[in-house]
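What follows is each chain in one-letter form.
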Amino acid sequence: ILPVLLPLIKERIEPTNSWVARESGILALGAIAEGCNLGIKQYLPQIVPFLLSILNDKTAKSFLRGITCWTLSRFSRWVLAQPLDVYFRPMLEALCASILDDNKKVQETACSAFATLEEVAQTDILPYLTPVLQTLVTAFPKYQAKNPLILYDSI
């Protein structure tokens, strides 16, 4: 299935496409992450930085940044199997920045993605606890309604 899907996904996520088309491609990428995990591994050194660039682009639509958080979380195991400074640290930094996003939906998906990454990371996250805790403390007064509950769940 991967040889059929990847060209279609690649076409959808092109920056020249509408954000809706790009969102559908990123969603499809996340959806196949587990079922095609062996075949997709060879593409992850390009996919993960690409997704991080979308997450770090504050001009990208919030829907696009939100689905990118979720999709990145689907690759957490692979990210942590690599040298930590290569993918884990940039992913953690991007998720922390997204936890502080002004958009509530991005906040929610960033917290959920962070919780997934944190669960997979276990003790690998320990060296990064200070900036993570600073992010979470900064986020508490910023969050409204149900998002504080999601933030509590991340801890």
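Structure: see above.
Residues numbered from 1 in each chain as written. Predicted model: local features only at pLDDT ≥ 70, side-chain atom pairs only at ≥ 80, totals over all residues. Heavy atoms only, no water.

Structural notes on the pattern of salt bridges
The criterion, for reference: In the sections that follow, a salt bridge refers to a side-chain nitrogen of Lys or Arg positioned within 4 Å of a carboxyl oxygen of Asp or Glu. Helix and strand assignments come from DSSP, with helices taken as H or I runs of at least 4 residues and strands as E runs of at least 2, each series counted from the N terminus.
Following the criterion strictly, the structure yields 7 salt bridges and no others. Ionic pairing is found between Glu34 and Arg74, a salt bridge with its closest N-O pair at 3.3 Å. With Glu34 in the loop between helix H2 (19–31) and helix H3 (37–40) and Arg74 in the loop between helix H5 (62–73) and helix H6 (76–81), this pair connects stretches of sequence that are 40 residues apart. Salt bridges sharing partners connect three or more residues here, namely Lys58, Arg65 and Asp101.

Points about the nonpolar core
We apply this condition: Definition of nonpolar core: a set of buried residues of the types Ala, Val, Leu, Ile, Met, Phe, Trp, Tyr and Cys, connected through side-chain atoms within 4.5 Å. Working definition: with a 1.4 Å probe on protein chains only, accessible area under 20% of the residue-type maximum means buried, over 50% means exposed, and in between means partly exposed. Any two residues whose heavy atoms approach within 4.5 Å are treated as being in contact.
Grouped together as the largest cluster of nonpolar side chains are 46 residues, with contacts concentrated most on Ile40, Val48, Phe75, Phe88, Leu92 and Ile99. With near-sequence residues (within four places) excluded, Ile40 lies in contact with Leu2, Leu29, Ile32, Ala33, Ile47 and Phe75.

Re the packing of aromatic side chains
Going by this rule: Any pair of Phe, Tyr and Trp rings, taking the six-membered ring for Trp, is counted once the centres come within 6.5 Å. Such a pair is stacked with planes under 30 degrees apart, edge-to-face with planes over 60 apart, and tilted for the rest.
Applying the stated rule across the entire model yields 3 aromatic pairs. Summarising the aromatic geometry, the rings of Phe88 and Tyr128 are spaced 5.3 Å apart at their centres and angled 70° between planes, so their arrangement reads as edge-to-face. Taken together, the positions of Phe88 in helix H7 (residues 88–99) and Tyr128 in the loop between helix H8 (104–121) and helix H9 (129–142) put the pair 40 residues apart, joining distant regions of the chain. Since its relative accessible area comes to 0%, Phe88 is described here as buried.

Notes on the state of the cysteines
Definition in use: By convention in this document, the label disulfide applies to cysteine sulfur atom pairs within 2.5 Å.
Under the definition given, this model contains 0 disulfides. Between Cys69, a free cysteine, and Cys111, which holds the nearest cysteine sulfur, the sulfur-to-sulfur gap is 9.2 Å. Cysteine Cys96 shares no disulfide, and the gap to the nearest cysteine sulfur, in Cys111, comes to 9.6 Å.

Remarks on the side chain of Ser98
Looking at the element boundaries, Ser98 is found in helix H7. In this structure Ser98 comes out as buried when scored by relative accessible area, which is 0%. Excluding anything up to four places from it in sequence, Ser98 contacts Leu55, Lys58, Cys69, Val106, Gln107 and Ala110.

Considering the layout of surface pockets
Heads up, the condition is: In this analysis, the protein atoms alone were mapped onto a 1 Å grid. Cavities are point sets where a 1.4 Å probe fits without being able to get out; pockets are open sets with protein on both sides within 12 Å along at least five of seven lines; lining residues have an atom within 4 Å of a point. Grid points are joined across faces, edges and corners, and a volume is the space filled by probe spheres set on the points. Gly is placed with the polar residues, together with every amino acid not listed as nonpolar (Ala, Val, Leu, Ile, Met, Phe, Trp, Tyr, Cys and Pro) or charged (Asp, Glu, Lys and Arg).
Here the largest pocket is characterised by a volume of approximately 430 Å³. Residue lining of the largest pocket: 18 residues in total, with Glu34, Ser73, Arg74, Ser76 and Arg77 positioned closest to the centre. Within the residue set of the lining of the largest pocket, elements represented by two or more residues are H3, H5, H6 and H8. Of the residues in the lining of the largest pocket, the class split is 8 nonpolar, 5 polar and 5 charged. Considering only enclosed or pocket space, the second largest pocket measures out at about 290 Å³ in volume. Residue lining of the second largest pocket: Leu6, Ile9, Lys10, Ile13, Glu14, Pro15, Leu29, Tyr43, Gln46, Ile47 and Phe50, and that is the complete set. Residue assignment for the lining of the second largest pocket shows that the elements contributing at least two residues are helix H1 (2–12) and helix H4 (44–55).

Focus on a nonpolar patch on the surface
The condition that has to hold: Each patch is built from salt-bridge-free residues with over 30% relative accessible area, joining like charges within 9 Å and nonpolar side chains (Val, Leu, Ile, Met, Phe, Trp, Tyr) within 5 Å. We get accessible surface area from the Shrake-Rupley algorithm with a probe of 1.4 Å; when it comes to residues, only the shown protein chains can shield them.
Judged by side-chain polarity, Leu126, Leu129 and Leu133 come together as a nonpolar surface patch covering roughly 260 Å² of accessible area. Among the structural elements, Leu129 can be located in helix H9.

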